[in-house]
Amino acid sequence: MWKTSSDSGISTACPVCGKFLIGDYDKGEVVCPSCGFVAADQAEDQGPEWKALDLEEKERRVRVGSPRTLSLHDFGLTTEIGGQMRDSHGKSLNPYMRNAVGKMKKWQTRIRTSSSEERGLSNVLSRITEVASILTLPRMVSETAAHIYRVSARMKVAKSKSIIGMTAASVYLSCRKCGVGRSLKEVARAAGVDKRTVAKYYRLVLKEVERAYVPPPSVDKYISKLVNTAKIDPKIERLALQLASKTNDTKISSGKAPAGLAAAYVYISSVLSGEHIPQREIAEVAEVTEVTVRNRCRELLDNYIIRQRLKPLMAR
DNA sequence: ATGGTTTTTACTGCGTC
DNA sequence: GACGCGGTAAAAACCAT
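Caption draft 1: Examining the protein's contact with DNA strand B more closely. Around DNA strand B sit Gly255, Lys256, Ala257, Val288, Thr289, Val291, Thr292 and Arg296, and that is every residue in its neighbourhood. A distance of 2.5 Å separates a phosphate oxygen of DNA strand B from a polar side-chain atom of Thr289. Taking Thr292, its side chain carries an N or O atom lying 2.5 Å from a phosphate oxygen of DNA strand B. Among the residues making up the surface near DNA strand B, the classes are represented as 3 nonpolar, 3 polar and 2 charged.

If you want it as structure tokens, here you go:
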């Protein structure tokens, strides 16, 4: 789907911003010129509508093989010299050849990771894939994260910053760009970094590298994620989404944590559908407090007619 | 740095099973 | 009595200035 027409360089529309994707910047990447989104060339990895996976699926989703990737500092294209010391027919090499091959091997690694920047880059990129795999992010997200980091390294933004902090910031920004609902908290936890550090670096990268504001994932995304991770009845999800679409006033949502709002929608829906999931559980998976859930609920109930339908149910 | 806004922490009281 | 829920005050975190 993301095949590039090799001559013109123009391929498909960017799923994030709608602009046309350009085959290559300077490295053969397929990127969106306006938002920097990296198009993955694998169909199963298309992401904006991607939902959080539950645990069993996480296990199965581990990816194998080595497609050409931005996440390796040399794009995974170099040939390895094996360590078995055998020739192409499988015979052992004589001592002289062993010596020569050993030297070649040594030099190859030296050349490949020659400059300090390259060494740093390969380190960061492997960490990015590591963090991404902990969060079970689709490949597209880690690719975009890798691209973000490459650009920030090129622009010297990453200079004298904590490496792991920068990877977390890149991954987080990538999540937002791709519309994958991962909170800063989650990313920070997966990377094992202090949340505030990530936030700081994130802002920095946003200001210096990304010039545009990247909107956080919509409440819908949070609702879907919530329902999926908590294994809640899909009918509640539908109800919650309906509710959310009918009450998508900025008056209520602006400035509020979207996760809290999503939790409120899910909670109200669960009550309406007679399921009645405790606030505690919803608050836990949404990673907000019960208080926040309550506050959002109250605002929703105060401002909308749901109240009339909900009241009798709550009275019981 | 600062002040305004939102979230969290911690605690209390109420009704129900 | 444990549990779920609603409320509140004060602390903490967040954000724009």
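Caption draft 2: Molecular detail of the protein's contact with DNA strand C. Neighbouring DNA strand C are 10 residues; Lys195, His276, Gln279, Arg294 and Arg298 lie closest to it. In DNA strand C, the atoms that sit within 4 Å of the protein are 72% sugar and phosphate, with bases accounting for the remainder. Within the side chain of Lys195, a nitrogen or oxygen atom sits 3.3 Å from a phosphate oxygen of DNA strand C. Within the side chain of Arg298, an N or O atom sits 3.3 Å from a phosphate oxygen of DNA strand C. Along the lines of polarity and charge, the residues of the surface near DNA strand C split into 3 nonpolar, 2 polar and 5 charged.

Caption draft 3: Representation of helix H4 (residues 139-154) in the model. A rise of 1.5 Å per residue sets the reference length of H4, with its 16 residues, at 22 Å; its end C-alpha atoms lie 22 Å apart and thus fit the reference within 8%. Most of H4 is tucked away, with 14 of its 16 residues classed as buried.

Rules of the game
- Just so you know, the residues in each chain are numbered from 1, in the order the chain's sequence is written.
- The naming scheme follows written order: chains are lettered A onward, ligands numbered 1 onward.
- Only residues with pLDDT of 70 or above have their local features reported here, since the model is predicted, and side-chain atom pairs are shown and tallied only from 80 upward, although totals for entire chains, interfaces and linings are computed over all residues.
- Side-chain figures throughout are based on the complete set of non-hydrogen atoms in the structure, without hydrogens or water.
- Residues are counted as near a molecule or strand when any one of their heavy atoms sits within 4 Å of it.
- By the criterion applied in these results, polar contacts are pairs of N or O atoms within 3.5 Å in which, for protein atoms, one can donate a hydrogen and the other can accept it, and in which residues neighboring in sequence qualify only through two side-chain atoms.
- Any residue outside Ala, Val, Leu, Ile, Met, Phe, Trp, Tyr, Cys, Pro, Asp, Glu, Lys and Arg is labelled polar, Gly included; the first ten of those are nonpolar and the last four are charged.
- In this description a helix means any DSSP run of H or I spanning at least four residues, a strand means any run of E spanning at least two, and both kinds are numbered starting from the N terminus.
- Here, expected helix span is obtained from the residue count minus one, scaled by 1.5 Å.
- For each residue, the accessible area found with a 1.4 Å probe, counting protein chains only, is set against the maximum for its type, and the residue is called buried under 20%, exposed over 50%, and partly exposed in between.

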